[in-house]
Amino acid sequence: MKKFVLILFLIFIPKAAQMQNYEREQFRIVSYNVENYFDTVNDSATMDEEFLPDGVRHWNFSRYKTKQVRIGKVLAAIGGWSPPPIVGLCEIESKKALVDLIHNSGLHAFNYQFVHYDSPDIRGVDVALLYRPKQFKITYSKPITINFPFAPEVKTRDVLMVSGKVPTGDILHIFVCHLPSRLEGELESENRRVFIAQIIRHQVDSLIYVYKNPNIIIMGDFNDYPDNKSITQALRAELPESKPQADKLYNLALPLHLAGKGTYKHAGQWGMLDQFIVSGNLLNIENHFYTQQSDAHVFNAIFLLEKDEADIGEKPFRTYNGFIYHNGYSDHLPLYVDFWIKQEKATEEEE
C-alpha cells in the first residue's frame with residue numbers, strides 16, 4: 001500500500017508542480033466596426049462624395065478629428081493599462097485615415113502600425129489590422145479580392161489575411177472581414193455573404209492542409225448572425241466544445257448570441273453581427289498560446305451607449321443617425337477576446 005501511494009505521489013505531484021511553474025499574460029485581440037471612418041480628401045476612384053466638407057453629411061476636419069479621438073479612446077479603454085496588441089477594423093477609408101489615427105488620436109505612444117490594402121469597394125471602405133510590432137511580428141499579408149460569378153458587376157471589400165508571430169513564437173493566421181450588408185434585404189444579399197464565407201473556408205482548409213494544427217482567427221463584421229447559413233454551413237463554425245478538434249472552427253460569439261448579447265441593435269433587438277471564429281488548436285489550454293469560450297466579451301462601456309427612445313434599454317451611440325450628425329462613436333460595439341500567453345515563472349535566483 002505504501003509503495004502504491006508513493007507511485008501516485010511521483011506521478012501526480014510533478015504535474016501539479018509543473019502547472020504551478022507557469023503564469024499567464026493577457027493578449028487581447030479586438031474586432032471593431034468603427035462606422036464610416038472617412039478622411040476629408042476626395043478620392044476620384046471611389047464614391048466618397050457624401051463624406052466631404054461639401055457633401056450631404058458635411059464631413060469636415062473637425063468631425064474627422066473627433067472621430068479619430070473617439071476611436072483612440074475606445075481602444076485605450078478596451079486595453080486598460082495595456083492597449084490591445086491586435087485590432088481588426090472595419091469601415092476604414094484610406095491609409096491616410098489610418099496614419100492619422102495611430103499618430104493623432106492618443107495612440108501615438110503605443111507605436112501601432114497597420115496592414116491595409118485598397119479594395120474595389122465602390123465607396124472605398126476597407127478593413128485593416130492595427131498591431132503593436134513588439135507583440136505581433138508580421139510574416140505575411142495579402143488581400144483576398146472577391147469576384148462574384150453570379151454578379152460580376154458588384155464590387156465589394158477585400159478580405160484581409162495577415163500572418164504573424166506572437167511572443168511565444170506561435171504563428172497566428174488572421175482574417176479580417178466585412179461581408180456585404182443587408183440593405184437590399186437579408187435573403188436577397190445572403191448568397192454574397194455565403195460565397196465570401198466559402199472563399200474564407202477554402203483558405204482555412206489550405207492552412208490546415210499545409211500546417212500542423214494552425215492557429216486561425218476569423219474576425220470582423222459578418223452582417224450575419226452566428227446561426228445564419230454563411231457561418232454554420234459555409235464556414236462550418238460550431239459552438240465551442242470541451243474537447244476541441246484542431247481542424248475545426250469554433251465561434252466564440254455563438255455563446256454570447258445564445259445569451260441574448262450583441263454588438264449591433266436592429267428593430268429593438270441586439271444581435272452578434274461582429275464575430276470571432278477560431279481554430280480548435282487555439283482552444284487547447286495545454287498550448288502556450290490559447291483562449292477559452294469565456295474569454296470573449298462585448299465591450300459595452302457606458303460612454304458607447306445612449307438611451308433607446310424607440311425601444312427598451314440602450315443602443316450604440318453612433319456617429320450619424322441617417323444623414324444627421326450625432327457626434328457619437330459607432331453603430332457597432334467592439335468585440336474582444338482575451339488570449340493567454342503561458343510563461344514559466346521566474347525562479348528566486350532569476351529574480
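Preceding block: the structure.
What counts, and where the lines are drawn
Residues numbered from 1 in each chain as written. Predicted model: local features only at pLDDT ≥ 70, side-chain atom pairs only at ≥ 80, totals over all residues. Heavy atoms only, no water. Phe/Tyr/Trp six-rings, centres within 6.5 Å; stacked < 30°, edge-to-face > 60°. Buried < 20%, exposed > 50% of the residue type's maximum accessible area, 1.4 Å probe, protein only. Helix = DSSP H or I, 4+ residues; strand = E, 2+ residues; numbered from the N terminus. Salt bridge = Lys/Arg side-chain N within 4 Å of Asp/Glu carboxyl O.

Caption draft 1: Summary view of the packing of aromatic side chains. Tallying each qualifying case throughout the model produces 16 aromatic pairs. With a centroid separation of 6.3 Å and an interplanar angle of 75°, the aromatic rings of Tyr131 and Phe136 are classed as edge-to-face. Classification of Tyr131 as buried rests on a relative accessible area of 9%. Aromatic pair Phe289 and Phe339: ring centres 5.4 Å apart, planes at 10°, arrangement stacked. One end of the pair, Phe289, is in strand 14 (residues 289-290); the other, Phe339, is in strand 20 (residues 335-344), with 50 residues separating them in the sequence.

Caption draft 2: Geometry of the pattern of salt bridges. One pass over the full model with this rule turns up 14 salt bridges. Residues Asp338 and Arg28 are paired through a salt bridge, measuring 2.5 Å at the closest nitrogen-oxygen approach. Here Asp338 is found in strand 20, whereas its partner Arg28 is found in strand 1 (residues 22-37), with 310 residues between them in sequence. The network of salt bridges with common partners includes Arg182, Glu186, Arg193 and Asp224.

Caption draft 3: Layout of unusual backbone geometry. In this structure, Asn36 takes a positive phi of about 55° despite not being glycine. Considering the arrangement of structural elements, one finds Asn36 in strand 1. With relative accessibility at 11%, the residue Asn36 sits in the buried group. The backbone of Arg236 shows a phi angle near 60°, a positive value even though the residue is not glycine. Its location among the elements puts Arg236 in the loop between helix 5 (229-234) and strand 9 (237-238). What makes Arg236 partly exposed here is its relative accessible area of 39%.

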